[in-house]
Amino acid sequence: MSETIALTPEMIWVLVILGTAVVLFVTEAVSVDVTALCVLVALGLADTAAPYLDMEPLLTHKQLLSGFSSNAVVSVIAVMIIGAGLDKTGMMNQVAGILLKIGGRSEKKLRGLVAVAVGFISSFMQNVGAAALLMPAVSRISARTGIPLSRLLMPLGFCAILGGTVTMIGTSPLILLNDLIQVSNQSLPASMQMAHFGLFDVTPVGLSLLVAGILYFALFGHLVLPAGHSDQHHENPESTMHYFRDLYDVEGDIFELEIPYDSPLVGLTVGEAEYRPEVPIFLGLEISGGAQLAPCRDEVIEGHSVIAVLGPEEEVRHFAEQYGLVLLAELDRFVSHLNPTRSGIAEVLIPPGSFLIGHQLGDLYMRKSYGLNVMSAYRSLRPVPGAVSEIILEAGDTLLVHTTWKDLATVADDRNFVVITDYPQEEEIRPHKVRHAVFFFVLALGLALTGLVKLPIALLTGALGMILSGVLNVDEAYQSVSWRTVFLLAGLIPMGLAMESSGTAAWIAQAGLHLLDGVPAWGLQLAVALLSTAFALVMSNVGATVLLVPLAVNIAVGSGADPAMFALTVGVATSNAFIIPTHQVNALILGPGGYRVADFLRAGGIMTVLFLVVTLVALNLFY
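For clarity, every value in this text was computed on a predicted model and none was experimentally measured. Chains are numbered independently. Their residues run from 1 in the order of the written sequence. Given that the model is predicted, a residue must reach a pLDDT of at least 70 before its local features are reported, and side-chain atom pairs must reach 80 or more before they are shown or counted; all residues, however, enter totals for whole chains, interfaces and linings. For side-chain calculations, the full set of non-hydrogen atoms in the structure is used, while hydrogens and water are omitted.

## Some thoughts on the pattern of salt bridges
Link 1 in the chain: Just to be clear on terms, a salt bridge is a Lys or Arg side-chain nitrogen sitting within 4 Å of an Asp or Glu carboxyl oxygen. Going through the model one piece at a time under the given rule, you end up with eight salt bridges.
Link 2 in the chain: For the salt bridge of Arg151 with Glu107, the shortest nitrogen-to-oxygen distance reads 2.8 Å. With Arg151 in helix H8 (residues 150-163) and Glu107 in helix H6 (residues 107-122), the pair connects residues that are 44 residues apart, well separated along the chain.
Link 3 in the chain: We classify Arg151 as buried; its relative accessible area is 11%.
Link 4 in the chain: Put simply, Lys88, Arg430 and Glu476 are held in one network by salt bridges that share partners. Counting from the N terminus, the helices are DSSP H or I runs at least four residues long and the strands are E runs at least two residues long. Between buried and exposed lies partly exposed: a residue is buried under 20% and exposed over 50% of the maximum accessible area for its type, with that area taken using a 1.4 Å probe on protein chains only.

## Section: the sheet that holds strand E3 (residues 290-293)
Link 1 in the chain: Reading across from one edge, E3-E2-E4-E1-E5 is the order of the five strands in this open sheet, with antiparallel pairing throughout. This sheet does not close on itself; its edge strands, each paired only once, are E3 and strand E5 (326-327).
Link 2 in the chain: Here, any two strands with at least 2 DSSP bridges between them count as paired. As defined by bridge partners, strand E2 (residues 281-287) adjoins E3 across four bridges and the pair is classed as antiparallel. Looking at the pairing, Leu285 lines up with Gln292 of E3.
Link 3 in the chain: The contact rule is simple, with two residues in contact once any of their heavy atoms fall within 4.5 Å. Note on geometry: axes are lines fitted to C-alpha atoms, helical ones only across the stretch in contact, with angles between N-to-C directions running from 0 to 180 degrees. Sheet strands touched by helix H13 (residues 313-322): strand E1 (253-259), strand E4 (305-311) and E5. Its angle to E1, the strand with the most contacts, is close to 10°.

## Quick word on helix H18 (residues 455-468)
Link 1 in the chain: Between the first and last C-alpha of H18 there are 20 Å, a value that for 14 residues agrees with the 20 Å anticipated at 1.5 Å per step.
Link 2 in the chain: Along H18, the residues classified as buried are Pro456, Ala458, Leu459, Gly462, Ala463, Gly465 and Met466.
Link 3 in the chain: Within two residues after H18, Gly470 carries a phi angle of roughly 85°, on the positive side. What a helix should span is 1.5 Å times the count of its residues minus one.

## Structural notes on the sheet that holds strand E7 (residues 373-379)
Link 1 in the chain: The five strands are arranged E8-E7-E9-E6-E10 in an open sheet whose pairing can be described as antiparallel. Either end of the sheet is taken by a strand with one partner, and the two such strands are strand E8 (382-383) and strand E10 (418-419).
Link 2 in the chain: With five bridges connecting them, E7 and strand E9 (residues 398-404) associate as antiparallel partners. The partner of Asn373 across the bridge, within E9, is His402.

## Side note on the packing of helix H10 (residues 203-224) against helix H26 (residues 597-622)
When two helices pack together, their arrangement is given by the angle between their axes and by how far apart the axes lie.
Link 1 in the chain: Where H10 contacts H26, the two axes come as close as 9 Å, and the packing angle between them is 150°. As summarised for this structure, H10 and H26 are arranged roughly antiparallel, according to the angle between their axes. Crossing of H10 over H26 shows right-handed handedness. Packed against H10, whose contacting residues are Pro204, Val205, Ser208, Leu209, Ala212, Gly213, Tyr216, Leu223 and Val224, the element H26 presents Arg602, Ala603, Ile606, Met607, Leu610, Phe611, Val614, Thr615, Ala618, Leu619 and Phe622 at the interface. With respect to orientation, any angle under 35 degrees is reported as roughly parallel, any angle over 145 as roughly antiparallel, any angle of 65 to 115 as roughly perpendicular, and every other angle as oblique. Two helices crossing with the near one rotated counterclockwise from the far one by less than a right angle form a left-handed crossing, whereas a clockwise rotation gives a right-handed crossing.

## Structural notes on a nonpolar patch on the surface
Link 1 in the chain: Patch building starts from residues that exceed 30% relative accessible area and form no salt bridge, then joins like charges within 9 Å and nonpolar side chains (Val, Leu, Ile, Met, Phe, Trp, Tyr) within 5 Å. Each accessible area is a Shrake-Rupley result for a 1.4 Å probe, and residues are judged covered by the shown protein chains and nothing else. Together, Leu37, Leu65, Phe68, Val474, Tyr478, Trp483 and Phe487 make up an exposed nonpolar region whose accessible area comes to about 620 Å².
Link 2 in the chain: Among the secondary structure elements, those contributing two or more residues to the nonpolar patch are helix H19 (474-479) and helix H20 (483-501).
Link 3 in the chain: Along the polypeptide, Phe68 turns up in the loop between helix H3 (61-64) and helix H4 (71-88).
Link 4 in the chain: Accessibility expressed as a relative area gives 35% for Phe68, which makes it partly exposed.

## Details of the confidence of the model for the protein chain
Should the pLDDT be low somewhere, the predicted coordinates at that spot are not to be read in detail.
Link 1 in the chain: Per-residue confidence for the protein chain averages 80 on the pLDDT scale, and 89% of its residues sit at or above 70.
Link 2 in the chain: The low-confidence segment residues 229-244 (pLDDT under 50) makes 29 contacts with residues lying over four places distant or belonging to another chain. pLDDT expresses how confident the predictor is about each individual residue, on a scale running from 0 to 100.

## A closer look at helix H17 (residues 434-450)
Link 1 in the chain: Taking 1.5 Å as the rise per residue, H17 with 17 residues should run 24 Å; its terminal C-alpha atoms sit 24 Å apart, in good agreement.
Link 2 in the chain: Listed as buried for H17 are Ala437, Phe440, Phe441, Ala444 and Leu447. When H17 is viewed along its axis, its buried side chains cluster within an angular range of 130° and face the same direction. Pointing more than 90 degrees away from the buried face of H17 are the exposed residues Arg435, Phe439 and Thr450.
Link 3 in the chain: One or two residues past the end of H17 sits Gly451, with phi positive at roughly 75°. Each C-beta atom gives one direction from the helix axis, and the arc is the one those directions make.

## Let's talk about the environment of Asn71
Link 1 in the chain: As for its position among the elements, Asn71 is in helix H4.
Link 2 in the chain: For Asn71, a relative accessible area of 53% gives the class exposed.
Link 3 in the chain: On a C-alpha basis, the gap between Asn71 and Leu455 in space is 7.6 Å, while along the polypeptide they are 384 residues apart.

## Notes on the packing of aromatic side chains
Link 1 in the chain: Centres within 6.5 Å make a pair out of two Phe, Tyr or Trp rings, where for Trp the six-membered ring is used; the pair is then stacked when the planes are under 30 degrees apart, edge-to-face when over 60, and tilted otherwise. One pass over the full model with this rule turns up eleven aromatic pairs.
Link 2 in the chain: Taken together, a centroid distance of 5.0 Å and an interplanar angle of 80° make the contact between Phe439 and Phe440 edge-to-face.
Link 3 in the chain: Taken together, the ring pairs in this structure connect Phe158, Tyr216, Phe217, Phe220, Phe578, Tyr595, Phe600 and Phe611 into an aromatic cluster.

## Quick notes on the pairing of E4
Link 1 in the chain: Most of E4 is tucked away, with seven of its seven residues classed as buried.
Link 2 in the chain: Covered by surrounding structure in E4 are Ser305, Ile307, Val309 and Gly311 together with Val306, Ala308 and Leu310, the residues of both alternating faces.
Link 3 in the chain: Bridge analysis of E1 against E4 gives seven bridges, and the strand direction is antiparallel. Within the sheet, the bridge partner assigned to Phe255 lies in E4 and is Val309.
Link 4 in the chain: Note: E2 against E4, five bridges, orientation antiparallel. For Gly284, the partnering residue across the bridge sits in E4 and is Ala308.

Rendered as structure tokens:
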């Protein structure tokens, strides 16, 4: 072992700043990104005060601000832009559609599919890139199914980290490992020289970890994952329904009904069917031509078609029994059309001067002409009596309609209507740019995998290509970046540098291992894994790997254990960063998922223990 490292004033300052940061992270007295900036400022102030405290500066000015230009931060920004570009072409919508087709609306199945997909992708690219790439698709799945994003993003993030251990190129510590082994070999006798690890040498361990993570969320996800917080920025269909329920007595839910060939409704037009007694509100019709919302009154209902209706469940069941219809268990054909990001209920006012005044609603073909499915009409906040199609419009009438937001945006530009309800703006999709997006994504991935250029430059090449080719404009690129994540990483990276440059990390390692003198090889390996885990939480996993691999090799040599096994233990265990959102992937999902540190402590605490157990068992089983 090396000579004893003494505690210095510089180390004490670093430990005080580190301890304060951990307290702020756990208590959430301020947001995590603000905590990271507090760390950055504290390090800067400590350097300013260093001459007066008889100690050396912790960091140079360049090191203090290096987080903003670090490889990690630049890479995160670039992959967010690349992911947004792929999403803008509609590709992520298609990916979400495929996952939904396989997993349906089952939260457990979708969690598993998301975990498998991101685990596979992160095996061959940096895990933060894999997570950022799939985040838009997961966000769309959440919007379509109503599953809180917080129930899907944490499995995505954790399994992206786990997937990075499946090959030697999935995460930075494993990429560095062979170089560190080469350096360590220079001081080892010929009989103990370590061979370099091949691309798939770590795969048995990584696959074991990934499978364990998938099973963990499949079996216990409903217990450890947060149900969703108020600061999550999603559409909440329930809040809208409560509003219309309270103001207009709109009751019920949306159901799909299959129409057999022998049903009395077959052969009728939609308008004729709606005249039947006790018929719920027709929202959509799927016939041989495909599914459509606001079907035209003249559309003929065919056998084996499916209708979407709105109404109380008891009334819908009675309607189904009366007309021989099959009530489907869940939304299927209209799951995309009726998700709250694409359609919903709105209020449309008939202003004075509108040419619609004096006309009967049935003569205006509101569905065909405007895409508006008029559910009811109100005059002075009272329902207008009679059949909807027979109502003669007056100035000031309010129509309660179900429509797509795209059609509602068109109506809002028509001076014959005044749209009262706020609605999500239909985003512009650029499917004609899909080839450009795929090309620059593959180019970035290829450059990164071949090592022709550094990872940040490879990813920036793809991001810049997205902008120059028109997949994204500059404003959209800036908006796609989670700046909270950027400031979190930029503020914490200097902390890792300070721990290394001041010798604090080495002092902690020495103090911990001094207590383990005389412990058997498996206990020392566990200690190395625990140290790697702890260091990865408070400094970069790259820094932790560089620091601990030589130390782990020396420990193995001194105890007669396999040094390559101990080196690989460090390379894998530095990915065990689930308890607090300091890992790049966890920082990435923190804001969009609306997570608190307590959420990571709950789900990540168990994951950390599971990671350690599986890693040590797999390493000793397969090597």
